[in-house]
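# Secondary and tertiary structure notes
This is what each chain is made of:
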Amino acid sequence: HGHSHEHGHSHEHGHSHEHGHSHEHAHSHGNGHHQHACGGDVENDYLSGHSHCGGSAAVQIDPKGSVWSNSIGTILNLRNRVDISLACGICVVLAPILKLLGVPILATNFLYGIVLVVCGIPNSIATIQALSKGDSGVDSLMTIAALASYGTGAYFEGGLLLVLFTLSHAAEHAITDKAKGDLDAIRDLAPEKTFRIRTSKSEEIVEEILVDDVQVGDRLLVKASEILPCDGVVCSESAYVNLSHITGESTPRSVSAGDEIPAGAKPLDTSIVVEVLRTGAESTLSRIVRLVTEARTNRPKLQSFIDLFGERYSRIVLLVSAAIAAFLPFLHNLLPMYQSIGFLGPGGSFSRSLGVLIAASPCALVLGAPVAYLSALSVCARRGVLVKGGAKTLERTAAVDHVVFDKTGTLTTGNLKLKGVQVFSGAEEENASSELQSWVLSTAAALEQHAVHPIASALEEEIKNRGIHAGEVSGARSFPGCGLEGTVERDGKRTGVRIGNPSFAEEWTSEYSDLVERSIADSTERGEIVAVLATDDGFRAVLSFTDVIRENAKSAVSSMRSDSLRLSMLSGDNMTSAERVSNEVGKLDDVHASLSPSEKLNILSGWRGSKGSVLMVGDGVNDAPALAGATVGCSLGLRSATAVENSDVIFMDENLSSLSWYIRKSKSTRAIVAQNLVLALGFMALASMSAACGALPLWLAVSMHEGGTLLVGLNGLRLLSDDLS
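Reference entry: report on the structure contained in this document. (Residues numbered from 1 in each chain as written. Predicted model: local features only at pLDDT ≥ 70, side-chain atom pairs only at ≥ 80, totals over all residues. Heavy atoms only, no water.)

### Quick look at the packing of helix α11 (residues 363–382) against helix α23 (residues 656–692)
- Relative orientation of the contacting elements α11 and α23 amounts to 165°, with a least axis distance of 8 Å. The orientation of α11 relative to α23 falls into the category roughly antiparallel. In terms of crossing hand, the pair formed by α11 and α23 is right-handed. In this structure, α11 contributes Ala 364, Leu 365, Gly 368, Ala 369, Ala 372, Tyr 373, Ala 376, Val 379 and Cys 380 to the contact, and α23 contributes Trp 661, Tyr 662, Lys 665, Thr 669, Ile 672, Val 673, Asn 676, Leu 677, Ala 680, Leu 681 and Met 684.
- Class assignment for the residues of the contact of α11 with α23 results in 16 nonpolar, three polar and one charged. (Axes fitted to C-alpha atoms, helices over the stretch in contact; angles between N-to-C directions. Helix = DSSP H or I, 4+ residues; strand = E, 2+ residues; numbered from the N terminus. Parallel < 35°, antiparallel > 145°, perpendicular 65-115°, else oblique. Left-handed = near helix turned anticlockwise from the far one by under 90°. Contact = heavy atoms within 4.5 Å. Nonpolar A, V, L, I, M, F, W, Y, C, P; charged D, E, K, R; others polar.)

Right, dumping it as structure tokens:
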């Protein structure tokens, strides 16, 4: 269908490129009907299982497991109970008070004993398990320090250490759950059962079945407040559905018969009947679940380094603490000091070594980055921004200084809108009355209803808005790449009519007048798309169309420009149209047009080669090579499977404002991770040096260590706020 416009969607699928970054896909290839087929029960994100304070997940109790293993699991889970930690804390506080009141020492020691049993045994078991695997991590250091304190008679310090350690463990467990709460909420959306409507002997029967048994074409009954498990088309009357957990839309969407809705939609006010279009791994919800699971498993470079550092550093701390305990008295006696340092006592080398062991433990250092990343990923998921690469993608996005847009379907909606109609009779331009314009539009719409083209959709929308009905056309024929031809009735007689590109209409009739030529040229210069309707009796109408600029595109461009980002466009459309869109959204820095997919990739690779970090935003198959070649590739929506596959970030709400928000959120995440590292290192250095010099009592070293750990955890949770961007 040949109108004078190259409409930007080249289907040249240029996959001869090297992917510019590693996705490390972790897709589950089960049938994917519900979350449990996609790894929903496996805690394999980059925070789980770390040997730092509070990092391990709760131990799952298996009803079919042995009594011994379940007993061990129950004991280990005591470390995640804030109430038990607080109760033990009361015992530690009461013990010295009772001692001052003259209560027998046996009673105070009994309280310390309760703390040792309730808090010490779970941590000791965890330490033994870790050491048996060769892991001498932070948890092991803290437990060893606490038990050593008890062994030297420093019951208060040992009890306080166990209580604060266990309380910190439980608090960090809660912080971690909070940080990844929205990710888990999405993964837990998919139902396992649904209601299917089948017809038996002209009678409709509703039966409950497993989602795994649903097939394409089945009709499902989805009751109010229940979750649709598969993509489908509404077969019932109108209803409001909630899509906030899928697209981030805050306002319920009205759907009616014939509307397509994705898996995960939740009817609000009434039940709906949906005919299934896609099941299993192909449904929208299953694809989202896979993306969220993948985001949880991707570890950032910084986190991998911190983990490696933490493991080796813990061993160094053990050696240094042991050296302080063993050699400080001898070293001190060789120096001209006023008093010697003994092995035991409040200022002794053993007490100092325990203080260093506790204060130098890298709990805060190891926790600071994961909590920040998980909080950011969680709030992104809540807003309908799915970050496939997880923390790795957040890291790369934070370094982005150049944003590149596709035009059609990205800065514009991909739909056309009628801009104007000019009517000519012979060599003169007519003053088109509303009646004449209505005839032109109804005739054009009647011809175009036989075509699948953006202009056909624009005409259909226009006559609908004006309350006009499409005319009647007989003998309609299509000329691929040119236009359409048919016969209509006008002024009581049969008239031949054509619509299409200007050369197609000119070839069929006489040459255009200068006025018609000028009208076509003016519209083309403005970047508009031109179609000409012509009759065999010399009547001409020039219809001009424009791309519809995507809502919020202008404000998003303005926001990104205020963040000092370089903004560019790579378009397969002509330069005039590309320049017009650029000017309308805010005058981009670079505009390249009439590009094939491979040419887009070459230009983008050049930008990356100049040591820049480039983020590419697209929506179609023709954008896939450039999306893959960018530092970060972003896709608007899930419409193109190829674009989604080659993207790192998917914006479910197809809103460019979410793009500017996401870039700011990634930079905020990098800033908070840096803050956490500085805070953690500062606390560790200050507390460990003070403890080594004997200026910090053991209980205060414990308090500073655990306080620093909780501080960085709470600082990371600030990223859960939508406003922090």
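The discussion continues.
### Describing the nonpolar core
- With 81 residues, the main nonpolar core has Val 403, Phe 405, Leu 659 and Tyr 662 as its most contacted residues.
- Top contributing element to this core by residue count: α23, with 11 residues. (Core = buried A, V, L, I, M, F, W, Y, C linked by side-chain atoms within 4.5 Å. Buried < 20%, exposed > 50% of the residue type's maximum accessible area, 1.4 Å probe, protein only.)

### Considerations on the sheet that holds strand β11 (residues 402–405)
- What the seven strands build is an open sheet, ordered β10-β23-β22-β21-β11-β19-β20; its pairing is mixed. The sheet terminates laterally at β10 (385–387) and β20 (590–592), the two strands that pair on one side only. Recorded for the sheet is a direction-independent mean angle of 20° between the axes of neighbouring strands.
- Summarising the sheet, β11 and strand β19 (residues 566–570) pair through four bridges and their orientation is parallel. Along β19, the bridge assignment pairs His 402 with Arg 566.
- Helix α20 (residues 597–609) rests against β11, β19, β20 and β21 (614–618) of the sheet, and its axis sits at about 160° to β19. (Pairing = 2+ DSSP bridges.)

### Overview of the sheet that holds strand β9 (residues 272–278)
- Strand order in this open sheet of six strands is β2-β1-β3-β9-β4-β7, and the pairing throughout is antiparallel. A single partner strand is all that each edge strand has here, and the edge strands are β2 (203–210) and β7 (260–261).

### Observations concerning the side chain of Glu 207
- Relative to the helices and strands, Glu 207 is located in strand β2.
- Here Arg 198 takes part through its side chain, which lies 3.1 Å from a polar atom of the side chain of Glu 207.
- Glu 207 has contacts with Thr 194, Phe 195, Arg 196 and Arg 198, leaving out every residue within four places of it along the chain. (Polar contact = N/O pair within 3.5 Å; in protein donor to acceptor, adjacent residues only side chain to side chain.)

### Thoughts on the packing of α23 against helix α24 (residues 698–717)
- Where α23 meets α24, the axes come as close as 10 Å, and the angle between the chain directions of the two elements is 175°. Classed by the angle they form, the pair α23 and α24 counts as roughly antiparallel. Across the interface between the two elements, Ile 672, Gln 675, Asn 676, Leu 679, Ala 680, Phe 683, Leu 686 and Ala 687 of α23 pack against Met 704, Gly 708, Leu 711, Val 712, Asn 715 and Gly 716 of α24.
- Residues belonging to the contact of α23 with α24 are distributed by class as follows: nine nonpolar, five polar and no charged.

### Side note on empty space enclosed by the protein
- Enumeration over the complete set of coordinates arrives at two cavities of 30 Å³ or more.
- Of the volumes computed, that of the second largest cavity is approximately 50 Å³.
- Looking at the second largest cavity, the residues that line it are Ala 359, Ser 361, Cys 363, Ala 364, Phe 683, Met 684, Ala 687, Met 704, His 705 and Thr 709.
- Counting only elements with at least two residues in the lining of the second largest cavity, the list comes to α11, α23 and α24. (1 Å grid on protein atoms, 1.4 Å probe; cavity = no way out; pocket = protein on both sides within 12 Å on 5 of 7 lines; lining within 4 Å. Points joined across faces, edges and corners; volume = space filled by probe spheres on them.)

### Thoughts on the pairing of strand β16 (residues 493–500)
- In terms of burial, β16 is largely enclosed, as six of its eight residues are buried.
- Of the pairings in the sheet, the one linking strand β15 (residues 483–490) to β16 comprises eight bridges and is antiparallel in character. Of the residues in β16, the one forming a bridge with Glu 485 is Arg 498.
- Between β15 and β16, which pair antiparallel in sequence order, lie two residues; one of them, Asp 491, sits at a positive phi of approximately 55°.
- With four bridges connecting them, β16 and strand β17 (residues 529–535) associate as antiparallel partners. Paired with Ile 499 across the two strands is Leu 533, which belongs to β17.

### Considering a nonpolar patch on the surface
- Residues Ile 90, Val 93, Leu 94, Ile 97 and Leu 101 make up a contiguous nonpolar surface patch of about 480 Å² in total accessible area.
- Position of Leu 101 relative to the elements: it lies in the loop between α2 (82–100) and α3 (105–132).
- Assessed through its relative accessible area of 65%, Leu 101 is described here as exposed. (Patch = residues over 30% accessible without salt bridge, like charges linked within 9 Å, V, L, I, M, F, W, Y side chains within 5 Å. Areas by Shrake-Rupley, 256 points an atom, 1.4 Å probe, with all protein chains shown as cover. Salt bridge = Lys/Arg side-chain N within 4 Å of Asp/Glu carboxyl O.)

### Focus on unusual backbone geometry
- Residues other than glycine seldom take positive phi values, yet Ser 564 does so here, at roughly 65°.
- Its location among the elements puts Ser 564 in the loop between α18 (553–562) and β19.
- Positive phi outside glycine occurs at Glu 654, with the angle close to 50°.
- Relative to the elements of secondary structure, Glu 654 occurs in the loop between β23 (649–651) and α23.
- Here Glu 654 falls in the partly exposed class, since its relative accessible area comes to 23%.

### A word on helix α17 (residues 514–525)
- Taking 1.5 Å of rise per residue, 12 residues should cover 16 Å, and α17 covers 16 Å from first to last C-alpha, within 8% of that figure.
- Those residues of α17 not exposed but buried are Val 516, Ser 519, Ile 520 and Ser 523. Projected onto a plane normal to the axis of α17, the buried residues spread over an arc of 95° and lie on a single side. For α17, the exposed residues set more than 90 degrees away from the buried face come down to Asp 514 and Glu 525. (Expected span 1.5 Å × (residues − 1). Arc of directions from axis to C-beta.)

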